[in-house]
Amino acid sequence: MADQVNSLEELGQVAEGVPAAPAADAADAVVTETMIHREPVRDELGRSYATGKRKDAIARVWIKPGSGKVTVNGKDMPVYFARPVLQMILRQPFQVAGVVDQFDVVATVKGGGLSGQAGAVKHGVSKALQLYDPSLRPALKAAGFLTRDSRVVERKKYGKAKARKSFQFSKR
C-alpha cells in the first residue's frame, strides 16, 4: 500500500517519483503554518478601535481598560438602550470573553433602529476586544461575534405591496 499523502508538497514529490518525507515532519510544518501570532493593536492612548455593522447601523467603537462604563452617542447605555434585551446584547461579548467590568466603551452609532444599533455596537466591541487582547479571539470567534450578520431587509419589488406580499386578488 502506498504512503499516505498529507500535503501538497508530498503530493508533488509522489507525482515526480521522489519518496515522500516522513509524516511527522509534514504535520509539524502544517501546524507551524496555521499558528498565527497576533499582536495587540492599540493607539497612543491605549485604546483599541473597531467598526461594527448590523442591518443599516454602523457603530464606531473604542475600548480601553476601565470600570465597565459604556457610553453610546454621549449617553450611558441604560439611557440610550432602555430595553433590557438590548443591554443584554451589548454585555454578551464581555461575558463570553470573561472580562466583565474591565473595559470602558465609547461608541458612536448611525443609521438603522435600536435593535440594529445594539447589534452593531456588539459587533464593534467584539472586534475591538480581540484587537486589544488577541488571546480573547478564540472565545469570541466560537460564539460567532466576529462575523458580521449580513441579514438585511429585502427590497420591495414592483407589482407587489411589499417585498413578497401581493395586493388582494379580486375575482370579479
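Cut-offs applied
- Residues numbered from 1 in each chain as written.
- Predicted model: local features only at pLDDT ≥ 70, side-chain atom pairs only at ≥ 80, totals over all residues.
- Heavy atoms only, no water.
- Core = buried A, V, L, I, M, F, W, Y, C linked by side-chain atoms within 4.5 Å.
- Buried < 20%, exposed > 50% of the residue type's maximum accessible area, 1.4 Å probe, protein only.
- Helix = DSSP H or I, 4+ residues; strand = E, 2+ residues; numbered from the N terminus.
- Contact = heavy atoms within 4.5 Å.
- Pairing = 2+ DSSP bridges.

## Focus on the nonpolar core
Among the nonpolar cores identified, the biggest contains 31 residues, and I63, F81, L90 and L129 are the most heavily contacted of them. Every element with two or more residues in this core is listed here: β2 (57–65), β3 (70–72), α3 (77–80), α4 (84–97), β5 (103–110) and α5 (114–132). In contact with I63, other than residues within four places in its own chain, are G46, R47, S48, F103, D104, V105, A128, L129 and Y132.

## Re the sheet that holds strand β1 (residues 48–54)
Across the sheet, five strands lie side by side as β1-β2-β5-β3-β4; this open sheet has mixed pairing. The open sheet has two edge strands with one neighbour each: β1 and β4 (75–76). Pairing geometry for β3 and β5, over three bridges, is parallel. Bridging from a neighbouring strand, T71 pairs with V106 of β5.

## Points about the side chain of R54
Mapping R54 onto the fold places it in strand β1. Contacts of R54, omitting those with residues within four sequence positions, involve G116, G119, A120, R148, D149 and R151.

## Details of unusual backbone geometry
Positive phi is not limited to glycine here, since K55 has a value of about 55 degrees. Mapped onto the elements, K55 comes out in the loop between β1 and β2. Positioned with a positive phi, D101 is a non-glycine residue whose angle comes to about 60 degrees. Along the chain, the position of D101 falls in the loop between α4 and β5. What makes D101 exposed here is its relative accessible area of 54%.

The analysis is restricted to geometry; functional conclusions fall outside its scope.
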